[in-house]
Amino acid sequence: MFCCLRAVRRLCLEKMLLQCILQSRTLSGADAINALRPFYFAVHPDFFGQHPKEREVNENSLKRLNGYLENLQKPGFHSFKPTQLTFYVREREPNSSNVQESFSASGFRAVSFTLHTRDLLSTVLDILNSCSLSTEHIQSLNVNAQHHKEAKSTVNRPIKWDKTYYSFTGFKDPEEELEQAQRMETTLISWLDDNEASAVTKLKKSLPLRKELERLKFELSRQLQLSDIRWQRSWGIAHRCSQLHSLGRLAQQRPEVLKNVKGRTVIFTDRSGMSAAGHIMLGTMDVHHHWTKVFERLPNYYKLQKRLLFLEDRISQLLGGIQVIYIEELQPLLTLEEYYESLNSFYSKLCDSRLPFHPRSLRGLKMILESDRYTPSLHEFGHFTIPMACDPATLQWFIFAKAQEARENLKRREELMTAERELMDACSERLSLGRLYKEPGVSSAQMIDCCRRLRGELLPRLRGMHLCVAHFYSVLQDGDLCIPWNWKN
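Residues numbered from 1 in each chain as written. Predicted model: local features only at pLDDT ≥ 70, side-chain atom pairs only at ≥ 80, totals over all residues. Heavy atoms only, no water.

### Here we look at the overall build of the chain
Rule in force here: Note on conventions: DSSP H or I runs of at least 4 residues are helices, E runs of at least 2 residues are strands, and numbering of each starts at the N terminus. The classification of residues rests on relative accessible area computed with a 1.4 Å probe and restricted to protein chains. Under 20% of the type maximum is buried, over 50% is exposed, and intermediate values are partly exposed. Residue contacts are defined here by distance: any two heavy atoms, one from each residue, within 4.5 Å place the two residues in contact. Surface exposure here means Shrake-Rupley accessible area, sampled with a 1.4 Å probe, where a residue is shielded only by the protein chains that are shown.
Counting secondary structure elements, the chain contains 14 helices and 15 strands. Across the 489 residues of the chain, 45% fall into the buried class. Once local pairs closer than 6 in sequence are excluded, the contacts in the chain between residues at least 24 apart make up 67%. Put simply, the chain shows about 27000 Å² of open surface, and 52% of that area lies on carbon and sulfur atoms.

### Quick notes on the state of the cysteines
Disulfide: a covalent bond connecting the sulfur atoms of a pair of cysteines. Definition in use: Note on terminology: pairs of cysteine sulfur atoms within 2.5 Å are recorded as disulfides.
In total, this model carries zero disulfides according to the counting rule given. With no disulfide of its own, Cys 427 lies 4.7 Å from the sulfur of Cys 451, the closest cysteine sulfur. What makes Cys 427 buried here is its relative accessible area of 0%.

### Focus: the sheet that holds strand β12 (residues 435–438)
Two orientations exist for strands paired in a sheet by backbone hydrogen bonds: parallel and antiparallel. Selection rule: DSSP calls a pair of strands paired once it identifies at least 2 bridges connecting them. Lines fitted to the C-alpha atoms define the axes, with helices restricted to the stretch that makes contact. Angles between their N-to-C directions range from 0 to 180 degrees.
Ordered by their spatial adjacency, four strands build an open sheet running β12-β13-β15-β14, and the pairing between neighbours is mixed. With one partner strand each, in any of the chains shown, β12 and β14 (474–475) form the two edges of the open sheet. Relative to strand β15 (residues 481–484), strand β13 (residues 466–470) runs parallel, the two being bridged by four bridges. Counterpart to Cys 468 in the pairing with β15 is Cys 482. On top of the sheet, helix α8 (residues 188–224) reaches β13, β14 and β15; it is set at about 145° to β15, its chief contact. Contacting β12, β13 and β15, helix α14 (residues 444–455) crosses the sheet at an angle of about 145° to β12.

### Quick look at empty space enclosed by the protein
The probe, sized like a water molecule, is rolled over the atoms to show the empty space still left. For clarity, the cut-off: Only protein atoms enter the 1 Å grid, on which a cavity is a set of points fitting a 1.4 Å probe that cannot get out and a pocket is an open set with protein on both sides within 12 Å along at least 5 of 7 lines, lining residues being those with an atom within 4 Å of a point. Grid points are joined across faces, edges and corners, and a volume is the space filled by probe spheres set on the points.
Under the criterion given, the structure shown has one cavity of 30 Å³ or more. There is about 80 Å³ of room inside the largest cavity. What lines the largest cavity is Gln 331, Pro 332, Leu 334, Tyr 339, Ser 342, Leu 369, Glu 370, Ser 371 and Met 388.

### Details of the sheet that holds strand β7 (residues 280–283)
The strand order across the open sheet built from four strands is β4-β5-β7-β6, with neighbouring strands paired in mixed fashion. The sheet is open, and its two edges are formed by β4 (228–231) and β6 (273–274), each paired on a single side. Here two bridges tie β6 to β7, and the two strands are oriented antiparallel to one another. Opposite Gly 273, over in β7, you have Met 281 as the bridge partner. Together, β4, β5 (265–269) and β7 form the strand contacts of helix α9 (residues 237–253), whose direction differs from that of β4 by roughly 135°.

### Describing the packing of aromatic side chains
Quick reminder of the rule: Pairing of aromatic rings covers Phe, Tyr and Trp, the last through its six-membered ring, and needs centres within 6.5 Å; plane angles under 30 degrees mean stacked, over 60 mean edge-to-face, and all others mean tilted. Two conditions define a charge located above a ring, namely a distance within 6 Å from the ring centre to NZ of Lys or CZ of Arg, and an angle within 35 degrees of the ring normal.
Scanning the entire structure with this criterion turns up eight aromatic pairs. Aromatic side chains Phe 87 and Phe 113 sit 6.1 Å apart centroid to centroid with 20° between the ring planes, which places their arrangement in the stacked category. Residue Phe 87 is located in strand β1 (residues 83–90), and its partner Phe 113 is located in strand β3 (residues 108–115); the two are separated by 26 residues in the primary sequence. Just as Phe 87 is buried, Phe 113 falls in that class too. Taken together, Phe 39, Tyr 40, Phe 87 and Phe 113 form an aromatic cluster joined through their ring pairs. A cation sits over an aromatic face here: Arg 413 above Phe 381, 5.1 Å from the ring centre. Of note, Arg 435 hangs over the ring of Tyr 437, and the distance from its end group to the ring centre comes to 3.8 Å.

### Here we look at α8
Definition in use: One less than the residue count of a helix, multiplied by 1.5 Å, gives the span that helix is expected to have.
Over its 37 residues, α8 extends only 44 Å from the first C-alpha to the last, a length that falls short of the 54 Å expected when each residue adds 1.5 Å. Positioned one or two residues after α8, Gln 225 has a phi angle of 55°, which is positive.

### Notes on the environment of Arg 360
Counting through the fold element by element, Arg 360 comes out in the loop between α12 (336–353) and β9 (366–370). When its relative accessible area of 63% is taken as the criterion, Arg 360 is described as exposed. A sequence separation of 43 residues divides Arg 360 from Gln 317, and the C-alpha atoms of the two residues are 7.6 Å apart. Ignoring anything within four residues of it in the chain, the contact list for Arg 360 reads Gly 320 and Gly 321.

### Some thoughts on the side chain of Thr 83
For Thr 83, the position within the fold is in strand β1. According to the relative accessible area criterion, Thr 83 is buried, its value standing at 10%. With residues up to four places along the chain from it excluded, the contact list for Thr 83 reads Arg 64, Tyr 68, Phe 113, Thr 114 and Leu 115.

### Focus: the pairing of strand β11 (residues 384–387)
Covered by surrounding structure in β11 are Phe 384 and Ile 386 together with Thr 385 and Pro 387, the residues of both alternating faces. Looking at chain direction, β9 and β11 are connected through four bridges and run parallel. Bridge pairing in β11 links Glu 370 to Pro 387. As judged from the two bridges shared by strand β10 (residues 377–378) and β11, these two strands associate in the antiparallel manner.

Dropping the structure here:
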């Protein structure tokens, strides 16, 4: 009997010890934010205003990282899958690292790593170590002091550090930078005075390459009978020409593997495969061997795409005829497999809930699925943004409550897009621009406001220039002028 009691007591002590060990490794959401502050300052998109490609990469990666961290804090959430992320990290001098990274002369380096941990502490340490950032400050965090009192927070909340942090790390204080920017507010005219000559020189130098790019794109599209060739990132003209030359060599060496690309769109991006929109993705860091595998797997991709379209139709029927769409400009670039898995999971949840939507009652409305959100929303373009983890009852109530507003937004979107196209044409003609376009993050309303004001200005120095409406002033490497949509004069 006493032996039995001793065994029970020993088992209880072992459980208590294990619990203490686990608690000692527990990190609250607030502590995780504090621990990741050096990382956020190193990768925040606001510091990459002169580098639109790197800013876009960091924005997309932060979005995926935030979703991963939110999942870790969600009670009872156990469905994790490895998440590969790429960040451009600001620093003064390159540091050694055990992950794949490359350095540029612009003061930042590219770092790629994969998250597969299931607790906040391990995830935070992995992120900091992968980016060669110090982890010493984590030891001073009072991990368990107020863990039971932790308030609900998101990883997107503003971060404010003591001034000593910036003097110690060498990072710039964003508050001081903002104050300085406000004191020295740039106007369109003053910025053109300082940057016009540089832009003209770069543009003239790039003109032969631009013609070569158009020639290569036309010949490859005709040879392979492609619908289009596009780029996800704002790579330079020389880089794009190099990618087309590489695809052309593959077409000459292995013409048999490209026999199934007829009528398709090829997108040069960060990884190879087929996108959720059904486009062929060719990773710019991959070699011909990886591209060949993608082309060889195209018949299987096409079969999966048919199953995906059928799944979208089934979801639409369950939700009263609302159309499930995928918008490349607004959603993370997903592979066909990733998107199918998300749709299948969402479909299973709908089947189990049996929501009472009247057939075709929501016909004409649209929705997209998001994996890194937890509350449904209505986009200004009129489509619903529905989280994968959304409660079915909440989903039903939200769609019913916002259906009329969604229809009004859809109608307004068509009007805005028509007005935007007309104003862009008028503005381009008025200023004799070589090209006028915008970044994906600029809305139609913002573009309309920008073009209306540009059209009323006398700006002869913009004649023949390539003008991009964005959020920051910059001159791209091929001479394109980027101006913020809300430029000041």
